[in-house]
Amino acid sequence: MPGPDISQYRDLDPVTRILMGPGPSDVPPRVLRAMAAPTLGHLDPDFLVIMSETQQLLRDVFQTESALTIPVSGTGSAGMEACFVNLIEPGDQVAVVVNGVFGTRMVDCAGRLGAEIIQIDAEWGRAVQPDAVEKALKGRQPKIFAVVHAETSTGVCQPLTDIVKLVKDAGALMMLDCVTSLGGVEVTLDAWGIDAAFSGTQKCLSCPPGLAPLSFNEKAVAKLNARTSKVPSWYLDLTMVGDYWGSARKYHHTAPVNMIYALRESLRVILEEGLEARFARHQRNSEALIAGLEAMGLKMLVPVEERLASLNTVLIPEGADDATTRKALLKQFGLEIGAGLGPLAGKMWRVGLQGHSSSERNIVLFLTALETVLGAQGVKVWPGGVAAAEAVFAQAR
Ligand SMILES: *Cc1c(COP(=O)(O)O)cnc(C)c1O
């Protein structure tokens, strides 16, 4: 029998896009280079050093001293599942805030593990208010309270101070999805009193997708150690994964060696820039983008005080076609933005300014490109978008 015609598979040669969607974001070349370094054995003494360094860099970026801080093998959702699967025992009450896709996903995940869900709904495109949390927790003692810090489906950044206090008073563990905030918007686990947190590499960390940074503090570890039932997932069981990443170095599964190289390099990039400088850059760039969009006559979904700098949601102007616009941006300019999800599908675009993608160059290109592709559809916008964005950049210089 003749083999497959291998000539039909061309050399892999993807074009260079500008990734301004909900993730992945652009990856700095030095991170990609790190990934191409020779693969070591995953228990090679040299690799063990790299693992430990990566953990310490992760602690620095999460702003925590928690020992159990590791990259879970898998994407951000694996980080979510790792948190729940280790912390929930069947019948536990788990409170979850739902104001977007990722809150909905947490309810699904926790429900599958036999949790009794206390769902706290808030409007999509708005943060949950402390009084709604207070009402939902009244007279109840959930074991875990889970909330999305940066709701990528709506562009909302959830204020946490008041909520953490309510959660502590209720005696629950505070669990945070910081997939789209870590490395772009302030995340300070220890100072904020976050007990369990997870993230993903491909958003503001600007590393390819494939790992889920996770951190459990002592209280979360105590809940894990006090389980009366086995963790229902073998792969994500942190009692075993922790022995691999901890001092025991006991084989559990093979770490994705080259992905760890990439993560280590991306964390170095972040700490070289400095967390404060990085957060300030994300904030300034978001303000410049929005100044440009508003000068063009477009409107944002989220009120200014609840906006997420790393993911900006703009309402689709009248007369513009959602898919046509996004396709033209990609085809003519190599520029990717995100569509709306769920009830917001067709109503807005999601413009990511995450990590390496968050730059003056990209913003100016995007505003110009958007004006061009909207114009081609007969949608007139006001002139002066780029000038308005540039005014924000000039002020910061
Ligand atoms: C992207 C994202 C996830 C899921 O991460 P994957 O890497 O796609 O599995 C979870 N939560 C939020 C807020 C996200 O933006």
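Residues numbered from 1 in each chain as written. Predicted model: local features only at pLDDT ≥ 70, side-chain atom pairs only at ≥ 80, totals over all residues. Heavy atoms only, no water.

## Considering the pairing of strand β14 (residues 348–352)
- For β14, a buried count of five out of five residues is recorded, marking the element as mostly surrounded by other parts of the structure.
- Here β14 shows a buried face lined by Met348, Arg350 and Gly352 and a second buried face lined by Trp349 and Val351.
- Across five bridges, the pairing between strand β11 (residues 311–315) and β14 is antiparallel. Bridged to threonine 313 within β14 is arginine 350.
- Note that strand β13 (residues 338–339) and β14 share two bridges and pair antiparallel. Within β14, the residue paired with alanine 339 across the bridge is tryptophan 349. (Buried < 20%, exposed > 50% of the residue type's maximum accessible area, 1.4 Å probe, protein only. Helix = DSSP H or I, 4+ residues; strand = E, 2+ residues; numbered from the N terminus. Pairing = 2+ DSSP bridges.)

## Remarks on the domain arrangement of the protein chain
- Domain boundaries assigned for the protein chain yield domain 1 (29–272) and domain 2 (275–396).
- Inter-centroid distance (C-alpha atoms) of domain 1 to domain 2 is 29 Å.
- With 31 residues of domain 1 at the contact, the number on the domain 2 side is 24 residues.
- Here domain 1 is connected to domain 2 by one salt bridge.
- Note that arginine 126 and glutamate 306 form a salt bridge whose closest N and O atoms lie 2.7 Å from each other.
- Counting the contacts that link domain 1 with domain 2 gives eleven residue pairs in polar contact (both at pLDDT 80 or more).
- Looking at the side of domain 1 that touches domain 2, the elements that each hand over two or more residues are α2 (45–62), β6 (150–151), β7 (156–157) and α10 (257–273). (Domains from an automatic or database assignment. Contact = heavy atoms within 4.5 Å. Salt bridge = Lys/Arg side-chain N within 4 Å of Asp/Glu carboxyl O. Polar contact = N/O pair within 3.5 Å; in protein donor to acceptor, adjacent residues only side chain to side chain.)

## Notes on helix α9 (residues 238–245)
- Among the residues of α9, those classed as buried are Leu238, Val241, Gly242, Tyr244 and Trp245. Angularly, the buried residues of α9 cover 155 degrees about the axis, an arc narrow enough to put them on a single face. (Arc of directions from axis to C-beta.)

## Brief notes about the packing of aromatic side chains
- For the coordinates displayed, the defined rule picks out two aromatic pairs.
- Relative to tyrosine 261, the ring of phenylalanine 47 lies with its centre 6.3 Å away and its plane at 65 degrees, an arrangement referred to as edge-to-face. Taken together, the residues phenylalanine 47 in helix α2 and tyrosine 261 in helix α10 connect sequence positions 214 residues apart. Residue phenylalanine 47 shares its accessibility class with tyrosine 261, and that shared class is buried.
- Taken together, a centroid distance of 6.4 Å and an interplanar angle of 65 degrees make the contact between tyrosine 244 and tryptophan 245 edge-to-face. Both residues of the pair, tyrosine 244 and tryptophan 245, belong to the buried class. (Phe/Tyr/Trp six-rings, centres within 6.5 Å; stacked < 30°, edge-to-face > 60°.)

## Looking at the sheet that holds strand β3 (residues 93–98)
- The seven strands lie next to each other as β2-β10-β9-β8-β5-β3-β4, forming an open sheet whose pairing is mixed. Lying at the two open borders of the sheet, with one neighbouring strand each, are β2 (68–73) and β4 (116–121). Neighbour-to-neighbour, the strand axes of this sheet turn through a mean angle of 20 degrees, independent of strand direction.
- Of the strand pairs in this sheet, β2 and strand β10 (residues 211–216) are connected by six bridges, and their pairing is antiparallel. Bridging across to β10, proline 71 finds its partner in proline 213.
- This element, helix α5 (residues 130–137), spans β3, β4 and β5 (144–148) of the sheet and lies at about 155 degrees to β4. (Axes fitted to C-alpha atoms, helices over the stretch in contact; angles between N-to-C directions.)

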